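One letter stands for each residue in the lines below.
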Amino acid sequence: MRSSTALGSLIPLLLASTVSQPVRAQDDAPAAESVRVLTGAEGVLGTWRLLGDGAAPDWTAVGAHASPDTLDPSDWTRADATWIGLDLRAPAATTLHLLVGLHGSVEVQLDGRTLGRHERWRFRDDDRLVTVPLPAGPHRLALRVGAPEEGGWRLKLRVLDAQHRAGFGTATATVSTLDAAGLARAAMQVEETHTLDAALESVSTVRVSFPAGGVDRPSTATFAGSDQTFSPGVEAVHTLPMPTRGTPDHGLVLAGEPVRTGALISLDRPLLAAAASLLQRLRDGQVPEASVAPVQWRAEEMLRAVREQEPDRAWRDLLRQEARTLVRELDRGRDPFGAPRGYVRMAHVSRLDGTAQPYELFVPPAYRGRRDWPLVITLHGFKGNAGDYFRNTFGLARDWRGGETLDAHGRHGTAPTAGPMFVIAPQARGQSMYRTMGEQDVLEALADVRARFRIDPRRIYITGGSMGGTGAVFLPVRHPDLFAASAGLAGYHDQRVRQDTHHEGLTDVERFLQARRSDVDWTFNANHLPMLLVRGTRDRPLAWTRTEVERMRALGYEVEHREPALGHNVWTETYAGGAIFEWFERHRLPTAPRHVRLRTARERTLRSHWVRIDARSASDQFSQVDAVVRDGGVHVTAEHVDGLTFEAPPTLPDSFAVSIDGQTLEGPSPLSIRRRDGRWVLGQAPRTAKRAGVSGPIYDVFHERLVFVVGTSDPDHTLLNRLTAHEWAHPKGVDVSYPIVDDVDVTPEMIANATLVLVGPPWSNRLVARWREQLPVRFEWDGHRVCVGTDSHAGPQTGTVFVAPNPDYPDHAVLVVAGTEPLGTWRARFLPEILADYVVFDARVENARGQWSCGGARRDDGSPNFAEPVDCAYRAHGFFDQDWSVP
């Protein structure tokens, strides 16, 4: 029997399989039984292998193989191609939709006729759509799968019927096999999870299911002598309290064979008990407020280690030992994180999803709370972690020659014991590029430290390497009154250097969004931000850093540029011997500078020192202010600005004058001015809907608390709504935990206090239907059209994504992700990285998946060669104007 046991995880394992050599039917072989094939609950299909010769399928002698989720035979003997397939019978003409994820190549044939060929050098789930028109009668569906240049091929199939529901619909899929019972067993998955129940008791749960379908016959799982019948789409579940010793005896028997359970129980049991002890003290209110977040993070991390089968036993032991110490301190009435010294792992509770987010912290041993201390934020790289880069910053580099991994160094490496400054290293949600939720995490970690300790606001510094080097410039040029100096190492500061963005196909909107993302276009703000920029001469292209250096020098700003004869890793040399602390110590942020420059392209960052932009005049332009105190007043030049406020400029009396565009206006601080009929007048600009947390662009909502809402009113839309919501709620490489709920389960509290991501059109999503007359992009029931202004968009796979104020609670936004048909909603999974306030698209957007932009996407033809443009364009995209009326 073939089964998989995913201990401590709710995610099915991807099984690898051994190869069978092609066989020929023998005259005396038993007759093959033809069995009906069913898909899993979400249409996932096990892989049924035809034993052919690799050139063409041998339909006369058919064996079969099924795997629970994907066939991932990395250990197979290499062959040019392998055939897999099914026999289909349609009682009437119908259509199937195959959603194909693959690593390698695939050719889909129906009755020998090729329906599509696709190739991928990197696996992506549900990556390609192949529509299979089925006339009435019998057919043979075959897939010729080819291996990629490197590694084994991998394939995942999801089958939807003509109504986009899971499965074959009225069509029948069968496979011929000499062992139907063995085939059923091969498709089973046994999954055991260890966790805590609502009462914080440790429990062991075993689930037996067919997550990727199986054959059409009921199966029996016997738990301790009690039978439970299940089949594809149904699971058998058994839960037991976890004994304090020994292994929980589920007594599981499948197809007459006993199945061992309880693996990893000896590792998981003490970790669960430790997590429960911390969670119980949190529930009982035993944990002082200052210690809630770090205690909560340790409990959550222990549960994660169990859930994800954490293999690092030293990490498990460390977490358990820390929990014991914390419980002992709490039971004695002490605050374990009230006054830390030296190195400590801290955490804050994020407002985005309520989870505890960790950060590394160093408190100088000499700190006594009697004076303000400097602080350094250090940011890890794309493949790194906070603990590893934190140690690098102190010159404690990992022993990579000795095989020490990034994770091991971050968790178990030598901790710093001395240093002249506070140092924090946020995890920043993983591979966030320090944008959206990553930016939010850094700011929240900084705020947490500033609330605990006396930090000098004039000596807050930031550094980082690679992705962190980008963040070390990205963040301070967008928060120009926060940081005293920046050291960006091997960062990426001008997105026009990217191969997939330097392209004539970019629209004006995309070019603006590209500039909005590029640090060089915000460098105007760095007149009080000295920079150290370092890139190795072997780390090409050098323009990633040189363009930022050139911009700093052109503006007359302070910048030190180094190009050592190194590759990407320049941080080991730059940080050696604590040199970065010496460099930072030379710099101070002025508290009230006489000269303020502010340039911004978002409502989220509209102030610097004593200047605030109250209203921008255009969503697709940078707003810019240059304000200087001289001759007893404030002299201002401004571009794309409709409202300004000046708060107590330095050396000026309470009442002062502002000179702007040949006009002089006078009044007390804070002095607000605004444009009216082409002239500046006293008074604050009226509030518009374009403001932080409400305005676009689309991805700006990821700075906020989100709840994803799946439309379920129309069963034809529900599955693809759900898959799309899951994709948007789980950005690749980003550690975030957004709730996903059905539209019937949305609570008034969610509507009032969260940004809702509404997935599905009004005929599918109840909340979109409720607000359809108040949203800036309209849906017409007649003809299922998307309307933007006077333009109407219809046709196959048409979809839209847009952001707008919540009609009932305008201080929050709603983000709508919807298609006129189910596949239109699903196509929102393929949108590129930079998006404006709204976009309307169709099937052509598939070529932009994983790319930076749509107009500048490149063909993914099996290699990372981005030389040729592809056919990818939006139906429409752009910005709503300042009062949210549609252009």
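Residues numbered from 1 in each chain as written. Predicted model: local features only at pLDDT ≥ 70, side-chain atom pairs only at ≥ 80, totals over all residues. Heavy atoms only, no water.

K.L.:
Just give me the short version of the overall build of the protein, but keep the residues and values in it.
P.N.:
The secondary structure content of the protein amounts to 16 helices and 45 strands. Expressed as a percentage of the 887 residues in the protein, the buried residues total 59%. When contacts within the protein are restricted to residue pairs at least 6 apart in sequence, those whose partners lie at least 24 apart make up 69%. (Helix = DSSP H or I, 4+ residues; strand = E, 2+ residues; numbered from the N terminus. Buried < 20%, exposed > 50% of the residue type's maximum accessible area, 1.4 Å probe, protein only. Contact = heavy atoms within 4.5 Å.)

K.L.:
Account for the side chain of Arg 128, naming residues and giving values.
P.N.:
Tracing the backbone through its elements, the reader meets Arg 128 in strand β6 (residues 128-134). Under the relative-accessibility criterion, Arg 128 is labelled buried at 9%. A distance of 3.3 Å separates the side chain of Arg 128 from the side chain of Glu 846, its partner in a polar contact. Arg 128 has contacts with Leu 98, Leu 99, Val 100, His 118, Arg 120, Trp 826, Glu 846 and Asn 847, leaving out every residue within four places of it along the chain. (Polar contact = N/O pair within 3.5 Å; in protein donor to acceptor, adjacent residues only side chain to side chain.)

K.L.:
Quick one: what's the story with the sheet that holds strand β34 (residues 671-676), residue by residue and with numbers?
P.N.:
Strand order across the open sheet formed by five strands is β27-β28-β31-β34-β35, with antiparallel pairing between neighbours. Single-partner strands in this sheet number two, and they are β27 (607-608) and β35 (679-682). (Pairing = 2+ DSSP bridges.)

K.L.:
Would you mind going over the sheet that holds strand β15 (residues 236-241) in detail, with residue names and values included?
P.N.:
A sheet is described by the order of its strands in space; here three strands give the open sequence β10-β11-β15, paired in antiparallel fashion. The sheet is open, and its two borders are formed by β10 (189-196) and β15, each paired with just one other strand. Sheet twist, expressed as the mean angle between neighbouring strand axes with direction ignored, is 15°. In terms of strand pairing, strand β11 (residues 202-209) meets β15 through six bridges, oriented antiparallel. For Thr 205, the partnering residue across the bridge sits in β15 and is Thr 239. Packing against the sheet, helix α2 (residues 265-283) makes contact with β10 and β11, and its axis sits at approximately 35° to β10. (Axes fitted to C-alpha atoms, helices over the stretch in contact; angles between N-to-C directions.)

K.L.:
Break down helix α13 (residues 715-729) for me, with residues and values.
P.N.:
Look at α13: 21 Å from first C-alpha to last across 15 residues, which is about the 21 Å you get at 1.5 Å a residue. Every buried residue belonging to α13 is among His 717, Thr 718, Leu 719, Leu 720, Asn 721, Leu 723, Thr 724, Ala 725, Trp 728 and Ala 729, and all of these are buried. The opening residue of α13, the one whose side-chain oxygen lies 2.9 Å from the backbone nitrogen of Asp 716, is Asp 714. (Expected span 1.5 Å × (residues − 1).)

K.L.:
Give me the pattern of salt bridges: which residues, what numbers.
P.N.:
Inspection of every chain in the model, using the stated rule, returns 66 salt bridges. Across the pair Asp 125 and Lys 156 runs a salt bridge whose closest N-O atoms are separated by 3.5 Å. Here Asp 125 is found in the loop between β5 (113-120) and β6, whereas its partner Lys 156 is found in strand β8 (residues 154-160), with 31 residues between them in sequence. By relative accessible area, Asp 125 is classed as partly exposed at 28%. Judged by its relative accessible area of 11%, Lys 156 falls in the buried class. (Salt bridge = Lys/Arg side-chain N within 4 Å of Asp/Glu carboxyl O.)

K.L.:
Tell me about the packing of aromatic side chains, and please be specific about residues and values.
P.N.:
All told, the structure shown has 29 aromatic pairs when counted by the stated rule. Ring plane angle 75° and centroid distance 5.6 Å describe the contact between Phe 512 and Phe 879, whose orientation is recorded as edge-to-face. In this pair, Phe 512 sits in helix α9 (residues 508-517) while Phe 879 sits in the segment after β45 (876-878), placing the two residues 367 residues apart along the sequence. When sorted by exposure, Phe 512 lands in the same class as Phe 879, which is buried. (Phe/Tyr/Trp six-rings, centres within 6.5 Å; stacked < 30°, edge-to-face > 60°.)

K.L.:
So what's going on with the packing of helix α3 (residues 289-307) against helix α4 (residues 313-331)? Residues and values would help.
P.N.:
Contact geometry of α3 with α4 gives a least axis separation of 10 Å together with a crossing angle of 145°. When you trace α3 past α4, the crossing you get is left-handed. Touching Val 295, Trp 297, Arg 298, Glu 301, Met 302, Arg 304, Ala 305 and Val 306 of α3 are Trp 315, Arg 316, Leu 319, Arg 320, Glu 322, Ala 323 and Leu 326, all from α4. A class-by-class count of the residues in the contact of α3 with α4 yields nine nonpolar, no polar and six charged. (Left-handed = near helix turned anticlockwise from the far one by under 90°. Nonpolar A, V, L, I, M, F, W, Y, C, P; charged D, E, K, R; others polar.)

K.L.:
Hey, could you go over α3 for me, with residue numbers and the actual values?
P.N.:
Helix length check: α3 (19 residues) gives 28 Å between terminal C-alpha atoms against 27 Å at 1.5 Å per residue, within 8%. Gln 309 occupies a position one or two residues after α3 and carries a positive phi of about 55°.

K.L.:
With reference to specific residues and values, describe the nonpolar core.
P.N.:
Counting 78 residues, the largest nonpolar core has Leu 361, Leu 375, Ile 377, Phe 422 and Met 531 as the members making the most contacts within it. If near-sequence neighbours (up to four positions away) are discounted, Leu 361 is found in contact with Gly 342, Tyr 343, Val 344, Met 346, Phe 390, Phe 422, Val 423, Ile 424, Val 449 and Phe 453. In terms of nonpolar packing, the next biggest core, distinct from the first, is built from 40 residues, Phe 708, Val 736, Val 757 and Phe 841 among them. (Core = buried A, V, L, I, M, F, W, Y, C linked by side-chain atoms within 4.5 Å.)

K.L.:
Which residues make up the packing of α2 against α3, and what values do they have?
P.N.:
Put simply, α2 and α3 touch, their axes get as near as 9 Å, and they point 155° apart. Judged by the inter-axis angle, α2 sits roughly antiparallel to α3. Remark: the crossing between α2 and α3 carries left-handed chirality. Touching Asp 268, Leu 271, Leu 272, Ala 274, Ala 275, Leu 278, Leu 279 and Leu 282 of α2 are Val 292, Val 295, Gln 296, Arg 298, Ala 299, Met 302, Leu 303, Ala 305 and Val 306, all from α3. Counted by class, the contact of α2 with α3 contains 14 nonpolar, one polar and two charged residues. (Parallel < 35°, antiparallel > 145°, perpendicular 65-115°, else oblique.)

K.L.:
Quick one: what's the story with the pairing of strand β42 (residues 799-805), residue by residue and with numbers?
P.N.:
Of all seven residues that make up β42, seven are buried, and the element is covered over most of its length. Neither face of β42 is exposed, since Gly 799, Val 801, Val 803 and Pro 805 on one face and Thr 800, Phe 802 and Ala 804 on the opposite face are all buried. Here β42 runs beside strand β43 (residues 813-819); their pairing, made up of seven bridges, is antiparallel. Each residue of the ladder has a partner; that of Val 803, found in β43, is Leu 815. Here β42 runs beside strand β44 (residues 838-841); their pairing, made up of four bridges, is antiparallel. When the bridges of β44 are listed, Val 801 appears paired with Val 839.

K.L.:
Give a detailed account of the side chain of Arg 298, specifying residues and quantitative values.
P.N.:
Looking at the secondary structure, you find Arg 298 in helix α3. Since its relative accessible area comes to 3%, Arg 298 is described here as buried. At a separation of 2.7 Å, a polar atom in the side chain of Arg 298 contacts the side chain of Glu 322. Those residues within four positions of Arg 298 in sequence are excluded, and the remaining contacts are Leu 278, Glu 322, Leu 326, Phe 337 and Arg 345.

K.L.:
Can you lay out unusual backbone geometry for me, pointing to particular residues and giving the numbers?
P.N.:
Along the chain, Arg 540 connects to Pro 541 via a cis peptide bond; the corresponding omega equals -5°. Tracing the chain through its elements places Pro 541 in the loop between β24 (531-534) and α10 (543-554). The omega torsion of the bond from Gly 696 to Pro 697 falls at 0°, within 30 degrees of zero and hence cis. By the element assignment, Pro 697 lies in the loop between β35 and β36 (706-710). Of note in the backbone geometry, Leu 264 takes a positive phi value of approximately 70° without being a glycine. Mapped onto the elements of the fold, Leu 264 is located in the loop between β17 (257-258) and α2. Using a relative accessible area of 29% as the deciding quantity, one classes Leu 264 as partly exposed.

K.L.:
Can you lay out the pairing of strand β23 (residues 485-489) for me, pointing to particular residues and giving the numbers?
P.N.:
Extensive coverage of β23 is indicated by the burial of five of its five residues. Burial along β23 is two-sided: Ala 485, Ala 487 and Leu 489 facing one way and Ser 486 and Gly 488 facing the other are all buried. In terms of strand pairing, strand β22 (residues 455-465) meets β23 through five bridges, oriented parallel. Directly across from Gly 464, in β23, lies its bridge partner Gly 488. With helix α8 (residues 467-478) bridging β22 and its parallel neighbour β23, the resulting β-α-β unit is right-handed. Bridge count for β23 against β24 is four bridges, and the pairing is parallel. The residue of β24 that forms the bridge with Ala 487 is Leu 532. (Right-handed = clockwise from strand over helix to strand, strands pointing away.)

K.L.:
Outline the environment of His 877, listing residues and values.
P.N.:
With respect to the helices and strands, the residue His 877 is situated in strand β45. Here His 877 falls in the buried class, since its relative accessible area comes to 17%. Separated by 40 residues in the primary sequence, His 877 and Asp 837 have C-alpha atoms spaced 7.6 Å apart. Discounting chain neighbours no more than four positions away, the residues touching His 877 are Thr 507, Val 509, Glu 510, Tyr 838 and Val 839. At 3.1 Å, the side chain of His 877 and the side chain of Thr 507 are in polar contact.

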